[in-house]
Amino acid sequence: MTDTTAATPENLDSAIAVIGMSGRFPGAPDLGTYWSNLVAGTCSITDLTEEELLADGADPDEIRGRDYVPAKGVLADADRFDAALFGFHRTEAAALDPQHRLLLETAWSALEDAGRDPLDAPRRTGVYVGGGVTEHMLAAQTDPKLAAQLGALQVRILTDREFLAPWISYRLGLDGPSLTVQTACSTSLTAIHLAVQALLLGDCDTALAGGVAVDTVRRRGYVHYQGGIFSPDGRCRPFDERSGGTVPGNGVGVVVLRRLADALADGDPVRAVIRGSAVTNDGAARVGFTAPGVDQQTAAIVEAWTAAGLDPADAQYLEAHGTATELGDRIEASAASAAFKSALGTRSVGLGSVKANIGHLDAAAGVAGFIKTVLMLEHATLAPTAGAGRPHPELALDESPFHVVDRAGPWPEPESGPRRAGISSVGIGGTNVHVALEQAPPHPGPPRTSGPEVLLLSARTGDALRALAGRLAAALRSPGAPSLADTAHTLRFGRTPFAERAYVLAADRAEASDRLAELAEGRAGSAPAGADDLRAIGEAWLRDERLPWPDRGRRVSLPTYPFAGESYGAFGLETVRADPEPEPGSAPDAGLDPAVRALLVETLGLESADDLGMTYFAAGGDSLAAVHLVGCLRDDFGVDVPLTLFLEELTLDELARRIVEAQAPDDSLDALLSEFEGA
């Protein structure tokens with residue numbers, strides 16, 4: 001008989017908790033908006049005007065062609081980045097691929113959603129993420145001017161997708177495994193599977209997993225080819241009689257995972273539980289390299305539920321890959337029906353695909369469906385597949401265990417066991433992934449209340465601080481808001497302390513919300529009487545003094561940091577120039593001192609030579625940039641300086657003076673440069 005119980009002490013060791021999530025998807029800058037769109041059945045695929053396309057540099061002849069479809073799942077503000085927060089100077093930030101930028105911010109927000117300080121994450125935190133090929137990456141790595149400015153190796157490190165995971169580990173100080181995963185369209189769900197396996201094997205104790213897809217930050221449509229995978233009308237209709245193909249989209253999503261036993265012991269905010277996962281490949285059992293196969297898709301589903309000690313029939317919903325292509329939907333329906341055959345005749349399993357709502361997010365497609373399913377479990381609500389109509393007759397869904405969810409409705413709890421769902425993802429190349437997901441266990445005990453509390457807030461800038469206060473005010477007014485004690489505890493232990501600080505004293509959530517709203521508007525409100533001890537904590541917080549904090553709360557999900565970075569744009573292939581600008585100091589009347597200073601300003605992305613009063617590392621320099629600078633000084637100016645000069649605590653002004661004075665060559669430098677140039 002099938003085990004239909006929730007995670008018990010006997011199987012707790014094989015269960016993985018989802019404790020944090022963050023994502024940005026077409027039409028949704030945050031998960032709150034994402035959920036609202038999903039429940040409403042909103043299609044967030046954008047129909048682009050000719051003016052918008054031309055303004056973003058599209059080819060006029062192409063977009064006016066008969067087969068051009070001006071539609072895409074557009075990710076708003078994909079070119080913006082809070083560079084200073086992550087320690088990148090302007091030149092690096094402009095060169096950094098938009099996928100790297102978005103993943104860094106999303107990883108930060110996911111850790112905050114888990115109630116964790118992103119710069120003080122648990123030890124042995126691993127990173128498992130992947131992304132797609134981008135226009136920015138291709139343009140940057142073929143631009144000789146950028147290579148001359150930063151060095152070819154640095155350009156590759158800032159733009160290549162193989163460094164997506166290492167940048168997160170480096171900038172957030174995470175010391176677990178750091179793997180960039182690539183399995184085409186199933187990349188992000190494969191990353192989640194690998195993170196689950198790493199946690200079960202003890203490779204790490206906490207894991208970030210997910211993916212990103214931003215092929216370009218420019219508004220672009222696509223060309224429809226008869227018999228191709230893209231929709232002729234700019235809409236994706238999985239399993240529908242009107243289906244004609246998929247629509248590309250951009251997005252990013254990251255989840256934070258821990259072993260369920262550890263999460264419960266540490267009071268983490270468990271949002272859902274992964275009971276099992278599996279990955280297979282079709283091998284040669286398909287008609288072509290890009291075609292999917294039935295048997296191994298079925299195997300992935302069965303193996304995932306077997307790993308959970310369950311049967312696929314224990315699920316009430318399946319979030320399918322659902323590309324709306326004729327071959328893809330037919331094979332997926334056949335594979336899922338074979339895996340779920342034990343559910344036939346007992347009840348109908350809900351079926352859906354988020355691609356109808358946001359388009360096909362390529363490497364981020366799996367995590368988009370995963371996050372959708374977690375949100376449905378949390379809200380006990382089945383969200384519809386946008387625009388769902390009559391099922392395609394060739395899929396024979398009426399003879400299967402499935403029905404397409406075409407309207408929002410309650411997700412009843414089964415008579416035995418909790419709500420459960422499966423998520424499938426399929427990649428070109430044959431990699432199939434399936435994850436068995438379960439609703440979170442009941443929260444241990446009622447929300448804690450303790451009377452007045454002090455809420456500690458900080459941000460990098462005053463504007464960000466006020467924005468954060470406004471977000472918190474709204475969150476505390478919303479239904480199901482966390483207790484004031486848990487809010488105070490999470491703000492104290494789950495956020496990075498910054499220089500701009502404020503605090504709010506309040507006796508309850510309503511008062512806290514009012515005080516936070518006043519702070520957001522730049523007004524200082526009154527404080528409750530009899531809160532001198534809390535006020536002392538708040539004043540010590542402003543002075544950056546360390547005080548003991550009573551452990552009287554637990555971590556909860558709260559609004560995350562309000563990133564407000566400027567636009568750093570993205571490189572386009574049309575901007576690549578074959579002829580680099582004249583080398584610094586090449587003009588006959590140029591002196592060496594101003595030329596060296598100009599080189600430092602350009603390489604470090606400084607505003608002007610007036611910024612040379614800071615040290616090399618304070619200006620964002622690192623070892624690779626130092627190697628590049630030493631090479632430029634040798635090749636362009638005939639000046640040999642030791643690499644160790646950049647490690648000294650010198651202002652850039654003094655550094656420039658030392659460089660100009662340098663005369664003797666350093667033989668060891670040649671060997672080091674040769675090593676880097678040959679890497």
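Higher on the page you've got the structure.
Conventions used here
- Residues numbered from 1 in each chain as written.
- Predicted model: local features only at pLDDT ≥ 70, side-chain atom pairs only at ≥ 80, totals over all residues.
- Heavy atoms only, no water.
- Buried < 20%, exposed > 50% of the residue type's maximum accessible area, 1.4 Å probe, protein only.
- Helix = DSSP H or I, 4+ residues; strand = E, 2+ residues; numbered from the N terminus.
- Contact = heavy atoms within 4.5 Å.
- Core = buried A, V, L, I, M, F, W, Y, C linked by side-chain atoms within 4.5 Å.
- Patch = residues over 30% accessible without salt bridge, like charges linked within 9 Å, V, L, I, M, F, W, Y side chains within 5 Å.
- Areas by Shrake-Rupley, 256 points an atom, 1.4 Å probe, with all protein chains shown as cover.
- Salt bridge = Lys/Arg side-chain N within 4 Å of Asp/Glu carboxyl O.
- Phe/Tyr/Trp six-rings, centres within 6.5 Å; stacked < 30°, edge-to-face > 60°.
- Lys NZ or Arg CZ within 6 Å of the ring centre and 35° of its normal.

Undergrad: Break down helix α9 (residues 164-172) for me, citing the residues and quoting the values.
TA: Along α9, the positions that sit buried rather than exposed are L164, A165, W167, I168, S169 and L172. Buried residues along α9 sit against α5 (98-113), β6 (125-131), α8 (152-159), β7 (178-180) and β8 (206-213). The first or second residue beyond α9 is G173, which carries a positive phi of 70 degrees.

Undergrad: I'd like a description of the nonpolar core, backed by residues and values.
TA: Among the nonpolar cores identified, the biggest contains 82 residues, and F88, I168 and L455 are the most heavily contacted of them. Other than its neighbours up to four places away in sequence, I168 contacts L103, L104, A107, V127, V129, G173, L174 and L208. One finds L38, Y128, A198 and A365 within the second-largest nonpolar core, a separate group that totals 49 residues.

Undergrad: Could you give an account of a nonpolar patch on the surface, with specific residues and numbers?
TA: A contiguous nonpolar surface patch, about 250 Å² in accessible area, is contributed by V133, L138 and L573. Tracing the backbone shows V133 in the loop between β6 and α6 (135-140). V133 gets classed as partly exposed once you look at its relative accessible area, which sits at 42%.

Undergrad: Any details on the packing of aromatic side chains? Residues and values, ideally.
TA: What the rule picks out here adds up to 13 aromatic pairs. Relative to W411, the ring of Y317 has its centre 6.2 Å away and its plane inclined at 55 degrees; by these criteria the two rings are tilted. Taken as a pair, Y317 in strand β12 (residues 317-319) and W411 in the loop between β16 (409-410) and β17 (420-426) lie far apart in primary sequence, 94 residues in all. Residue W411 is classed as buried on the basis of its relative accessible area, which comes to 3%. The structure contains a cluster of three or more aromatic residues connected by ring pairs, namely F81, F86, F88, W108, W167, Y170, F498, Y561 and F563. Lying across the ring of F88, R171 places its NZ or CZ 4.1 Å from the centre. Sitting above the plane of the W541 ring, R501 keeps its charged end 4.1 Å from the centroid.

Limitation: the analysis is restricted to geometry and does not speak to function.
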